[in-house]
Amino acid sequence: MGLELLIFKAILVLVIFTITLTIAAYSTYGERKIAAFLQDRIGPNRAGPFGLFQPLADGGKMFLKEEIIPANASAFLFVLGPSLAMLTALMTGVVIPWGDTITFQGVEYSLQITDLNIGVLYIFGVVSFGVYGIMIGGWSSNNKFSLLGAIRASAQMISYELAMGLSIVALIMTTGTLSIKEIVDQQATWHWNILYQPLGFLIFMICAFAECNRAPFDLAECETELVGGYHTEYSSMKLGFYLFAEYINMFISSALMASLYFGGYNFPFMNSLGLDQNWVTILGTVVFFGKVFFFIFVFMWIRWTLPRFRYDQLMRLGWQSLIPLAILNILLTGIFTMREELKNWLFN
Amino acid sequence: MQLTNRSKVVSNKKMSFAEKMYLPAIVKGMAITLSHLFRKPATISYPEEKRPIAPVYRGKHVLKRDANGAENCTACGLCAVACPAEAITMTAAERKPGEEHLYREEKYAAVYEINMLRCIYCGLCEEACPKEAIFLTPELVPTYLNRSEFIYGKDKLVEPIDKRVDVTQRQKHLTEKKQ
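Residues numbered from 1 in each chain as written. Chains lettered and ligands numbered in written order. Predicted model: local features only at pLDDT ≥ 70, side-chain atom pairs only at ≥ 80, totals over all residues. Heavy atoms only, no water.

A.B. asks: When you look at the overall build of chain B in this model, what are you seeing that I'm missing?
C.D. replies: Along chain B, the regular secondary structure elements total six helices and five strands. Order of helices (α) and strands (β) in chain B, N terminus to C terminus: α-α-β-α-β-β-α-β-β-α-α. On C-alpha atoms alone, chain B measures out to a radius of gyration of 27 Å, which is more than a quarter above the 16 Å that the 2.2 N^0.38 rule sets for 179 residues. Seen through its C-alpha atoms, chain B measures out along the principal axes to roughly 95 × 45 × 30 Å. Going through the 179 residues of chain B one by one, you find that 30% of them count as buried. Here the contacts in chain B between residues at least 6 apart in sequence split such that 73% fall between residues at least 24 apart. Summing over all exposed atoms, chain B offers an accessible surface of approximately 12700 Å²; the carbon and sulfur share of this is 57%. Side-chain charges in chain B split into 29 positive and 22 negative, and the spacing between the mean points of these groups amounts to 14 Å. (Helix = DSSP H or I, 4+ residues; strand = E, 2+ residues; numbered from the N terminus. Rg over C-alpha atoms; globule rule 2.2 N^0.38 Å. Buried < 20%, exposed > 50% of the residue type's maximum accessible area, 1.4 Å probe, protein only. Contact = heavy atoms within 4.5 Å. Areas by Shrake-Rupley, 256 points an atom, 1.4 Å probe, with all protein chains shown as cover. Lys, Arg positive; Asp, Glu negative; His and termini not counted. Charge placed at Lys NZ, Arg CZ, Asp CG, Glu CD.)

Okay, here's the thing in structure tokens:
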């Protein structure tokens, strides 16, 4: 590995870290604005033009608030909880291909931090690790509401991870690789996976909502029943970390949906524009972020449309609808890919 | 008896497959919320933008002066008695010779205080007043950071000589109400 590559990767890591944090911060602003517009209101408009400095004001407020660790809480785990949530949220961005390759002074640089050949598996591993952040936070608070919220969150995330994994299995059957970069490259121009896996995408999206603890699956922190759920006892920036991690998760799952099912940085007619490869890459990255923002908008749109599930409805949807549907999807995909062999086996 | 034709018969029929999937209903709901995205917001940004107020609105009180600029109030205390929220307190004093241009009659209110947090803006004080001294105006009481600031004394209630408050509409409204 050359020094240039090392420097380039370091810069890329820094840039993506900054972009992730900025997008997460402005998602809070976007969430409030979109919520306001959907309810015929104006939304935050006092801090700066159109309230654009609102995330900064919120962040400043979070830092300046009093930091409270409850007397009965286990202090080490209490701090570990939000740190883990933030850590796992930031770790997943590593394998997302943010763009194609850029050629600079004769050397090709990939706009992906690392192209793991088990990228999808890595994301699943990190995401299932993320449940510990919530569980530890809820447990160490020593509070009934927090514990209930944490138990709900972990049960929900474990249930929906199954259906999510099964929906991805069908996708991997068609693509034949676990590397996200290769999956994206296979969807060149308009051959997006959504066209081949519509049911799989639907299941994946529903599970992504559940994994992010977003409405209508926000039972873990339902204000109306559990005060604040697992983060009831948290204050100051530790609370901020939890809320922030949720928005980062939302951003990463939007990026994942865009790259797995909506062609990532590919867009129709990208090769017939007659542009330089570097320009196509830059344009592709812009298109990719456009797709990501669209999915973030869908996340918010759904949140302000649908009411929260009841707990039994949540479990029934996960175990009795999504998992059988995902298995059916795998079966159909298998039959479709093996159609020639099946024909030979049946009619000979 | 049927009062309106808006009543609906509730049915407990089994849901069809499409209804059980909920997806068409979700899409319909999302279309409704999306249509609200392009609607004009109903918000009124209060301090900058104000809702139109009726000319006879019952807001902040004013203590009137007569045509010569002398205070009408004689500190009879009828307003304080009429006040259901007990928001009005006053201390009476006797007019000294030479103060005829300040107070219309021999007795006047040395202290006249209304607690704007207690006041319910019912307007019974102006109905009780025999001297046409107190009126409610369409002006709103602003917010403060301290409770004590809501106790309005004569400095805030008596109308300034050079800036008379027009209460003719309210006067007309009251006389019509009394008839």
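That covers the picture; the talk isn't over yet.
A.B. asks: Would you mind showing me how to read the sheet that holds strand 2 (residues 88-94) of chain B here?
C.D. replies: Two orientations exist for strands paired in a sheet by backbone hydrogen bonds: parallel and antiparallel. Residues and elements named next belong to chain B. Strand order in this open sheet of three strands is 2-3-5, and the pairing throughout is antiparallel. Both outer strands of the open sheet, strand 2 and strand 5 (151-152), are each paired with one neighbouring strand and no more. Bridge count for strand 3 (residues 107-115) against strand 5 is two bridges, and the pairing is antiparallel. Bridging from a neighbouring strand, Ile114 pairs with Tyr152 of strand 5. (Pairing = 2+ DSSP bridges.)

A.B. asks: I'm lost on the packing of helix 7 (residues 198-211) of chain A against helix 9 (residues 236-261) of chain A in this one. Help?
C.D. replies: Helix-helix packing is described using two parameters, namely the angle between the two axes and the distance between the axes. Residue and element names in this part refer to chain A. In contact at an axis separation of 11 Å, helix 7 and helix 9 are set at 170° when each is read in the N-to-C sense. Comparing the axis directions of helix 7 and helix 9 gives the class roughly antiparallel. Only Ser253, Leu256, Met257, Leu260 and Tyr261 of helix 9 make contact with helix 7, whose side of the interface consists of Gly200, Phe201, Phe204, Met205 and Ala208. Grouping the constituent residues of the contact of helix 7 with helix 9 by class yields eight nonpolar, two polar and no charged. (Axes fitted to C-alpha atoms, helices over the stretch in contact; angles between N-to-C directions. Parallel < 35°, antiparallel > 145°, perpendicular 65-115°, else oblique. Nonpolar A, V, L, I, M, F, W, Y, C, P; charged D, E, K, R; others polar.)

A.B. asks: In this structure, what is going on with unusual backbone geometry? I would like to understand it.
C.D. replies: Residues other than glycine predominantly adopt negative phi, and peptide bonds predominantly adopt the trans conformation. Residue and element names in this part refer to chain A. Although it is not a glycine, Asp40 adopts a positive phi angle of roughly 60°. You can see Asp40 is positioned in the loop between helix 1 (3-38) and helix 2 (54-64). Its identity is not glycine, yet Asn142 carries a phi of approximately 60°, on the positive side.

A.B. asks: Can you help me understand helix 11 (residues 311-337) of chain A in this one?
C.D. replies: It helps to recall that an α-helix has 3.6 residues per turn; residues three or four apart then point in one direction. Residue and element names in this part refer to chain A. The terminal C-alpha atoms of helix 11, which comprises 27 residues, lie 37 Å apart, in line with the 39 Å expected from a rise of 1.5 Å per residue. The principal kink in helix 11, of about 30°, is found at Leu317. Listing the buried residues of helix 11 in full gives Leu314, Met315, Gly318, Leu322, Ile323, Ala326, Asn329, Ile330, Thr333 and Gly334. Close packing links the buried residues of helix 11 with helix 5 (144-175) and helix 7. (Expected span 1.5 Å × (residues − 1). Bend = angle between axes of the 7 residues up to and from the residue.)

A.B. asks: Got a minute to help me understand helix 9 of chain A in this structure?
C.D. replies: All names here are of chain A. For helix 9, with 26 residues, the first-to-last C-alpha span of 38 Å sits near the 38 Å given by 1.5 Å per residue. Most of helix 9 sits inside the fold, with 22 of its 26 residues counted as buried. Phi turns positive, to about 80°, at Gly263, one or two residues after helix 9.

A.B. asks: Would you take a moment to explain the packing of helix 4 (residues 119-140) of chain A against helix 9 of chain A for this structure?
C.D. replies: Residue and element names in this part refer to chain A. Viewed as axis vectors pointing N to C, helix 4 and helix 9 meet at an angle of 160°, and their least axial separation amounts to 13 Å. Here helix 4 is positioned roughly antiparallel relative to helix 9, judged by the angle of their axes. Our pair here, helix 4 against helix 9, has a crossing hand that is left-handed. Where helix 4 abuts helix 9, its residues Val120, Ile123, Gly133, Ile134 and Gly137 lie against Tyr242, Leu256 and Leu260. Looking at side-chain class alone, the contact of helix 4 with helix 9 contains six nonpolar, two polar and no charged residues. (Left-handed = near helix turned anticlockwise from the far one by under 90°.)

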